[in-house]
Amino acid sequence: MKNKVGLRKIAKELDVSHTTVSLVLNGPDTNHVSKEKREKILDYVKNVGYRIPAKKKETGNIGFLIIPPFDVYDLYYHRFFVGVEEATIKFGKNIIVETWRDSSSPLFWNNKVDGVIIVEPWLSGEEEEIKAIQKYVPVVLLNWSTEAVICDMVVPDNTGGMREAFAYLYKLGHRRIGFFSLVPCAGLSSTGRIEERLQGYYLGLEDYKLPLNKEYLQLPTCKTKGIREVEEQVLRTLQSWKSLPHHPSAVLTYNDIYGVSFIKMAPSAGVRIPEDLSVIGFDNIIACHYVSPPLSSVNQAMEEMGRLSVELLEKRIKEEKATPFKKITCGTELVVRESIGEVKKR
């Protein structure tokens with residue numbers, strides 16, 4: 001028999017939110033609602049004859065959330081998706097891809113997925129959105145972490161990867177090593193990852209007892225995040241370094257887009273790669289092969305990270321809170337190409 005009392009009426013009568021009523025009716029033992037409110041709602045629906053629906057069945061679907069304006073065909077995010085797809089096939093699951101904007105998507109509260117993988121946020125403060133999603137389904141964070149949310153996470157060793165790249169340059173005789181990254185406007189979450197990679201640069205300086213030259217550390221603030229702005233900032237950096245009495249002989253860039261831009265803009269500044277400046281990027285995207293010379297880069301195990309995120313999510317779906325939450329850090333590897341060389345003898 002169909003219920004005559006709807007969720008909104010129950011919420012109005014008890015002066016609680018629609019979400020609170022839904023959480024209790026879908027899971028009477030939920031920890032997301034206080035015991036007092038749970039009992040209040042359950043007593044009410046019992047008195048009015050409301051039939052609590054049976055516990056929801058698994059849908060066989062996993063949500064894969066990416067930030068706008070990117071999609072799974074983006075050269076960077078596609079590598080994560082490849083690993084996710086392989087693992088979902090292994091577990092007999094389907095993938096629903098959606099652009100992540102907030103927690104109001106029917107994907108979460110309309111029982112369309114059993115859990116979601118979120119591939120990094122695009123604005124700060126997304127932690128509260130994640131907590132809202134967790135009221136409905138388990139969440140795994142892929143390629144980023146936060147201390148504000150308790151959930152499973154899979155991240156690369158950003159600091160270790162940059163530190164390894166610094167060590168390789170040092171072994172080639174480089175002592176004047178720069179670092180370049182555009183710093184997002186206030187609120188953009190990728191700042192955390194920049195700090196991790198920058199920390200690897202600082203540790204490299206400490207490892208070999210090299211002084212920090214502030215002229216070599218370039219962190220201009222970005223405004224548009226467009227490639228034209230990147231290339232303009234890179235060109236300014238190259239021109240500024242060339243004017244120094246002792247310019248850097250190598251540079252570590254936060255990502256491959258910046259590294260590729262250094263190679264593209266170098267001729268305009270009268271700089272030769274790698275004769276005058278060696279360049280190492282980070283992420284090892286396919287664009288590394290599309291410049292001359294090809295860009296050396298720190299490779300993330302993106303496909304493996306994607307697979308691990310699905311494995312963690314599947315276990316969380318099956319066991320819910322039976323196991324401790326995990327943060328898995330995946331190693332990196334320096335891929336050496338023609339954009340780096342030994343220091344010229346002067």
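Here is a short report on the structure shown in this document. The shown structure was predicted, so the numbers you read here are calculated from the model rather than taken from an experiment.

A few points about the overall build of the protein
A count of helical and extended segments in the protein gives 11 helices and 12 strands. Across the protein, contacts joining residues at least 24 apart in sequence account for 71% of those joining residues at least 6 apart. Summing over all exposed atoms, the protein offers an accessible surface of approximately 17,500 Å²; the carbon and sulfur share of this is 51%.

Comments concerning helix 11 (residues 302-319)
An α-helical turn contains 3.6 residues, so any two residues separated by three or four positions project in the same direction. Over its 18 residues, helix 11 runs 26 Å from end to end, which matches the ideal 26 Å to within 8%, given 1.5 Å per residue. Among the residues of helix 11, Met-302, Met-305, Gly-306, Leu-308, Ser-309, Val-310, Leu-312, Leu-313, Glu-314, Arg-316 and Ile-317 are the ones counted as buried.

Side note on the pairing of strand 6 (residues 177-180)
Going residue by residue along strand 6, you find Ile-177 and Phe-179 tucked away on one face and Gly-178 and Phe-180 tucked away on the opposite face as well. One ladder, built from two bridges, connects strand 6 with strand 7 (residues 217-218); its direction is parallel. Note that in strand 7 the partner of Phe-180 across the bridge is Gln-218.

Concerning the environment of Lys-327
Turning to its location among the elements, Lys-327 is positioned in strand 11 (residues 327-330). For the pair Lys-327 and Val-155, spaced 172 residues apart in sequence, the C-alpha separation works out to 7.5 Å. Setting aside residues up to four positions removed in sequence, Lys-327 forms contacts with Ser-145, Met-153 and Val-155.

Digging into the side chain of Thr-146
With respect to the secondary-structure elements, Thr-146 resides in the loop between strand 4 (139-142) and strand 5 (152-156). We classify Thr-146 as buried; its relative accessible area is 11%.

A short note on a nonpolar patch on the surface
A contiguous nonpolar surface patch, about 340 Å² in accessible area, is contributed by Leu-75, Ile-286 and Tyr-290. Relative to the helices and strands, Tyr-290 is located in the loop between strand 9 (278-283) and strand 10 (296-300). Look at Tyr-290 and you get exposed, because its relative accessible area is 61%.

Quick word on the packing of aromatic side chains
Two measures describe an aromatic ring pair: the distance that separates the ring centres and the angle between the ring planes. Applying the stated rule across the entire model yields 12 aromatic pairs. Relative to Tyr-208, the ring of Phe-166 has its centre 6.3 Å away and its plane inclined at 10 degrees; by these criteria the two rings are stacked. Of this pair, Phe-166 sits in helix 7 (residues 158-171) while Tyr-208 sits in the loop between helix 8 (191-207) and strand 7, and the two are 42 residues apart along the sequence. Directly above the aromatic system of Phe-325 lies the positively charged group of Arg-316, at a separation of 4.0 Å from the ring centroid.

A short note on helix 2 (residues 18-26)
Among all positions of helix 2, only Thr-20, Val-21, Ser-22, Leu-23, Val-24 and Leu-25 are buried. Elements that come into contact with the buried residues of helix 2 comprise helix 1 (7-14) and helix 3 (35-47).

Focus: the sheet that holds strand 3 (residues 115-119)
The six strands are arranged 2-1-3-4-5-11 in an open sheet whose pairing can be described as parallel. A single partner strand is all that each edge strand has here, and the edge strands are strand 2 (94-99) and strand 11. Strand-to-strand twist of the sheet, defined as the mean angle between neighbouring strand axes without regard to direction, takes the value 20 degrees. The sheet contact formed by strand 4 and strand 5 spans three bridges and is parallel. Each residue of the ladder has a partner; that of Leu-142, found in strand 5, is Val-154. Where helix 11 meets the sheet, it contacts strand 1 (61-66), strand 3, strand 4, strand 5 and strand 11, and its direction lies at approximately 170 degrees from that of strand 5.

Observations concerning the nonpolar core
Membership of the largest hydrophobic core comes to 70 residues, with the highest contact counts inside it found for Ile-117, Tyr-201, Leu-238, Leu-252 and Phe-262. Looking at this core, the element that brings in the most residues is helix 11, giving seven residues. Among residues more than four places away in sequence, those in contact with Leu-238 are Phe-262, Met-265, Ala-266, Ala-269, Val-271 and Leu-277.

A look at the side chain of Ser-339
As for its placement among the helices and strands, Ser-339 is situated in the segment after strand 12 (332-335). Residues within four places of Ser-339 in sequence aside, it is in contact with Ile-263, Ile-273, Pro-274, Leu-277, Ser-278, Val-279, Pro-293, Pro-294, Leu-295 and Ser-296.

Brief notes about the pairing of strand 3
Strand 3 sits mainly inside the fold: five of its five residues count as buried. Both faces of strand 3 are covered, namely the face carrying Gly-115, Ile-117 and Val-119 and the face carrying Val-116 and Ile-118. Pairing of strand 1 with strand 3 involves five bridges; the strand directions are parallel. When the bridges of strand 3 are listed, Leu-65 appears paired with Ile-118.

Quick look at the sheet that holds strand 12
With respect to topology, six strands assemble into an open sheet ordered 7-6-8-9-10-12, the strand pairing being mixed. Edge positions in the sheet fall to strand 7 and strand 12, since each of these pairs with one other strand and no more. Direction of pairing for strand 9 relative to strand 10: parallel, over a ladder of four bridges. In the strand pairing of strand 10, Gly-281 is matched with Ser-297.

Definitions and cut-offs
Once a new chain begins, its residue numbering starts again from 1 and follows that chain's sequence as written. Since the coordinates come from a predicted model, pLDDT governs what is reported: local features require at least 70, and pairs of side-chain atoms require 80 or more to be given and counted, while whole-chain, interface and lining totals use all residues. With hydrogens and water excluded, all non-hydrogen atoms of the structure serve as input to the side-chain values. Here a helix means four or more residues in a row that DSSP labels H or I, a strand means two or more in a row labelled E, and each is numbered from the N terminus. Here a residue-residue contact requires only that any non-hydrogen atoms of the pair lie within 4.5 Å. Every accessible area reported is derived by Shrake-Rupley at a probe size of 1.4 Å, with residue values counting cover from the shown protein chains alone. Here, expected helix span is obtained from the residue count minus one, scaled by 1.5 Å. Residue exposure (1.4 Å probe, protein chains only): buried if accessible area is under 20% of the type maximum, exposed if over 50%, otherwise partly exposed. A strand pair is defined by DSSP finding two or more bridges across the two strands. Every patch collects residues that have over 30% relative accessible area and no salt bridge, joining them within 9 Å if they carry like charges and within 5 Å if they are nonpolar side chains (Val, Leu, Ile, Met, Phe, Trp, Tyr). In the sections that follow, a salt bridge refers to a side-chain nitrogen of Lys or Arg positioned within 4 Å of a carboxyl oxygen of Asp or Glu. Classification of ring pairs rests on two measures: the distance between centres of Phe, Tyr or Trp rings, Trp counted by its six-membered ring, which must be within 6.5 Å, and the angle between planes, read as stacked under 30 degrees, edge-to-face over 60 and tilted in between. For a ring to carry a charge above it, either NZ of a lysine or CZ of an arginine must fall within 6 Å of the ring centroid while also lying within 35 degrees of the normal to the ring plane. Only C-alpha atoms enter the line fits that serve as axes; for helices the fit covers just the stretch in contact. Angles between N-to-C directions range over 0 to 180 degrees. The definition of a nonpolar core used throughout is a set of buried Ala, Val, Leu, Ile, Met, Phe, Trp, Tyr and Cys residues joined through side-chain atoms within 4.5 Å.

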